[in-house]
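Read off the chains here:
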Amino acid sequence: MARHACLCLGVLVLACYVSSETRVKRQEDDPIGDDVNAEQLCEGRPADEYFRLTTEGDCRDVVRCDQGSENGVTRLASVRCPVGLAFDIDRQTCDWKTNVKNCDKIEKPRKVLPILKTDEPICPEGKLACGSGDCIEKELFCNGKPDCKDESDENACTVDVDPNRAPDCDPNQCTLPDCFCSADGTRIPGGIEPNQVPQMITITFNGAVNVDNIDLYEQIFNGNRHNPNGCQIRGTFFVSHKYTNYAAVQELHRKGHEIAVFSITHKDDPQYWTSGSYDDWLAEMAGARLILERFANITDASIIGVRAPYLRVGGNKQFEMMADQYFVYDASITAPLGRVPIWPYTLYFRMPHKCNGNAHNCPSRSHPVWEMVMNELDRRDDPTFDESLPGCHVVDSCSNIQTGEQFARLLRHNFNRHYTTNRAPLGLHFHASWLKSKKEFRDELIKFIEEMLEKNDVYFTSLIQVIQWMQNPTELSSLRDFQEWKQEKCDVKGQPFCSLPNACPLTTRELPGETLRLFTCMECPNNYPWILDPTGEGFTVKK
């Protein structure tokens, strides 16, 4: 694997720089030094936390605790970032050296943890202990604001330990159409036999819709490719605001594709999303929906999906906002590669898999929101060969896919993995630029779509169509008349709503010095819409 092959989604992942188990072994066997007491350094420290032994040097070297040796002795496994990069202690990842501001730090700041498990209770019923031993009401833990003097009530809030976390799945209480869960996530809705389940394939795109990619979308969704029920195949577009042509979005919507939100600013600071406040998520996502509805003339309340930039999930705050704003689903959480893929689920109950990636900020509480989980793709060239390759959630993050032939194998291997097990929806998630980077990628995707459409049990659907089927599970024998998939946009004919959109040259004080063109079939606003002024009519919030 190339050293820089894992520069994906704007985040550098440390593990990507270790090209093989052999290299890890060699590094771990390098002597750290006799004066280093690994047992002391590792006491109480998580095994996956990297830290420095010294702040001298070029900021590339870190270690972690390894207790996996045969004799049970704790060792320090060393890792070095590639030349030109440094290790960011706070974010636990390699990044360009100019971006790393904590080379003077040995380790991540230690947080005081609450006392949640004791042999004998130390607090009255209904209360829990802070790290200091003080008792506060249980519901105050993990509510987003510190109530303990040592702030420990906000330091143990993951899916596994939040004292107010969502309960484990209870199929007796969680029933369709409003709720769906299963213990391991692999159960088929409605208890339908796998050979009677339509194999749904969802093609999604992230980012701006504009002249750079409209031709690609027209080639894939050319109006001549139909599902077995006679309806045109569908995709879902998670649209970010800047540089988007809203006349083109309006045309995608007219043709029956699903439009969802991907934020207004798409800020390149991952921590902004991971630690975003309720108001941040409200401004970014509800604001993006407002812009789409107004300037792409989408008036049917169909924008109900959210995807977090860089897939950096915003924890409970993101999902509280979504519920309040009537967003139906999120499509940002990834499930680790497993033998059987996972079906989408609602978040009334605990998520049925580990919080994989996403900076480990998955929602821990109960939320009335669907999670259109992103099953990792198996990117091995030969799935029968048990080589150790991590899965990838977005197709363009599968760094070993370099040729059309490899891409074709990836598509068919993963289709078979879903099709021959529980037929959970197969998600193919793209940035358009990757498909356009090589003509053979686009050609292989189109070839795959046409090959799958020759089957009578494979459907290319939008994400909302997946939810519609799950809410009303219908066997293949009755699917041709499934009304939710045969609405007025089943087979779209006719011309675009407008062939000559307004090209509005606009500015906003939020982006000083920039003039941006807003293409829309609607009237030009006064300002370029942005986070404090999503309508473009003028600022309602003062800085």
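Residues numbered from 1 in each chain as written. Predicted model: local features only at pLDDT ≥ 70, side-chain atom pairs only at ≥ 80, totals over all residues. Heavy atoms only, no water.

- With an unreviewed UniProt entry as reference, the protein chain is termed Chitin deacetylase 1 isoform X1, source organism Galleria mellonella.

Things to note about the overall build of the protein chain
Right, on to step 1. If you tally the helices and strands in the protein chain, you get 11 helices and 21 strands.
Right, on to step 2. Counting all 543 residues of the protein chain, 51% fall into the buried class.
Right, on to step 3. Taking the intrachain contacts of the protein chain between residues at least 6 apart in sequence as the baseline, contacts between residues at least 24 apart amount to 62%.
Right, on to step 4. Put simply, the protein chain shows about 25400 Å² of open surface, and 48% of that area lies on carbon and sulfur atoms. (Helix = DSSP H or I, 4+ residues; strand = E, 2+ residues; numbered from the N terminus. Buried < 20%, exposed > 50% of the residue type's maximum accessible area, 1.4 Å probe, protein only. Contact = heavy atoms within 4.5 Å. Areas by Shrake-Rupley, 256 points an atom, 1.4 Å probe, with all protein chains shown as cover.)

Considerations on the packing of aromatic side chains
Right, on to step 1. A complete count under the given rule lists 20 aromatic pairs for this structure.
Right, on to step 2. Consider the rings of tryptophan 343 and tryptophan 469, whose centres lie 5.8 Å apart with planes at 20°: the pair is stacked. Highlighted residues: tryptophan 343 in the loop between strand E14 (334–335) and strand E15 (345–346) and tryptophan 469 in helix H11 (residues 463–471), separated in sequence by 126 residues. You'll find tryptophan 343 and tryptophan 469 in the same group, each marked buried.
Right, on to step 3. Measuring from centroid to centroid gives 5.2 Å for tyrosine 459 and tryptophan 485, while their planes differ by 50°, and the two rings are tilted. Highlighted residues: tyrosine 459 in strand E19 (residues 458–461) and tryptophan 485 in the loop between H11 and strand E20 (502–506), separated in sequence by 26 residues. (Phe/Tyr/Trp six-rings, centres within 6.5 Å; stacked < 30°, edge-to-face > 60°.)

Describing the confidence of the model for the protein chain
Right, on to step 1. Of all residues in the protein chain, 90% have pLDDT values of 70 or greater, and the mean over the chain is 89.
Right, on to step 2. The model gives residues 1–31 a pLDDT under 50, and that stretch makes 59 contacts with residues more than four places away or in other chains. (pLDDT = per-residue confidence, 0-100.)

A word on the state of the cysteines
Here, disulfide denotes a covalent bond that connects the sulfur atoms of two cysteines.
Right, on to step 1. In the structure shown here, the tally under the stated rule is 13 disulfides.
Right, on to step 2. Residue cysteine 42 pairs covalently with cysteine 65 via a disulfide, S to S 2.0 Å. The chirality of the disulfide connecting cysteine 42 with cysteine 65 is left-handed, given an S-S dihedral of about -95°. On the criterion of sequence distance, the pair formed by cysteine 42 in helix H2 (residues 38–42) and cysteine 65 in strand E3 (residues 61–66) is long-range, its members being 23 residues apart. Residue cysteine 42 shares its accessibility class with cysteine 65, and that shared class is buried.
Right, on to step 3. The disulfide partner of cysteine 504 is cysteine 524, and the gap between their sulfur atoms is 2.1 Å. The sign of the S-S torsion, about -80°, decides the handedness of the disulfide formed by cysteine 504 and cysteine 524: left-handed. Of this pair, cysteine 504 sits in strand E20 while cysteine 524 sits in the segment after strand E21 (516–520), and the two are 20 residues apart along the sequence.
Right, on to step 4. Under the relative-accessibility criterion, cysteine 504 is labelled buried at 1%. (Disulfide = S-S within 2.5 Å.)

Points about H11
Right, on to step 1. Burial of H11 is extensive: 7 of the 9 residues sit out of reach of the surface.
Right, on to step 2. Every buried residue of H11 is listed here: Leu463, Gln465, Val466, Ile467, Gln468, Trp469 and Met470.

Details of the pattern of salt bridges
Right, on to step 1. All told, the structure shown has 29 salt bridges when counted by the stated rule.
Right, on to step 2. Two residues, arginine 110 and glutamate 49, come together in a salt bridge whose shortest N-O distance is 3.3 Å. Highlighted residues: arginine 110 in the loop between strand E6 (93–96) and strand E7 (127–129) and glutamate 49 in the loop between H2 and E3, separated in sequence by 61 residues.
Right, on to step 3. Between aspartate 168 and arginine 350 there is a salt bridge, and its shortest N-O distance comes to 3.6 Å. Here aspartate 168, found in the loop between strand E8 (135–137) and strand E9 (199–207), pairs with arginine 350, found in the loop between E15 and strand E16 (370–371); they are 182 residues apart in sequence, far enough to count as distant. (Salt bridge = Lys/Arg side-chain N within 4 Å of Asp/Glu carboxyl O.)

Focus: unusual backbone geometry
Right, on to step 1. In this structure, proline 177 follows leucine 176 across a cis peptide bond, with omega equal to 15°.
Right, on to step 2. Looking at where proline 177 falls in the secondary structure, it is placed in the loop between E8 and E9.
Right, on to step 3. In this structure, cysteine 142 is a non-glycine residue whose phi angle is positive, near 60°.
Right, on to step 4. Residue position: cysteine 142 is located in the loop between E8 and E9.
Right, on to step 5. Using a relative accessible area of 8% as the deciding quantity, one classes cysteine 142 as buried.
Right, on to step 6. Positive phi, normally seen in glycine, also occurs at alanine 301, with a value near 55°.
Right, on to step 7. Relative to the assigned elements, alanine 301 resides in the loop between helix H6 (278–295) and strand E12 (305–306).
Right, on to step 8. Residue classification places alanine 301 among the exposed positions, given a relative accessible area of 57%.

Topic: the environment of tryptophan 485
Right, on to step 1. The exposure class of tryptophan 485 is buried, given its relative accessible area of 4%.
Right, on to step 2. As for tryptophan 485 and cysteine 231, which are separated by 254 residues in sequence, their C-alpha atoms are 7.9 Å apart.
Right, on to step 3. For tryptophan 485, the contacting residues outside a window of four places in its chain are Pro198, Met200, Asn229, Cys231, Tyr459, Thr461, Gln465, Gln468, Trp469 and Leu479.
Right, on to step 4. Engagement of the side chain of tryptophan 485 in a polar contact is seen with the backbone oxygen of glutamine 465, the distance being 3.1 Å. (Polar contact = N/O pair within 3.5 Å; in protein donor to acceptor, adjacent residues only side chain to side chain.)

As for H6
Right, on to step 1. Helix length check: H6 (18 residues) gives 25 Å between terminal C-alpha atoms against 26 Å at 1.5 Å per residue, within 8%.
Right, on to step 2. Every buried residue of H6 is listed here: Trp281, Glu284, Met285, Ala286, Gly287, Ala288, Arg289, Ile291, Leu292 and Phe295.
Right, on to step 3. Of the residues trailing H6, asparagine 297 is marked for its positive phi of about 55°. (Expected span 1.5 Å × (residues − 1).)

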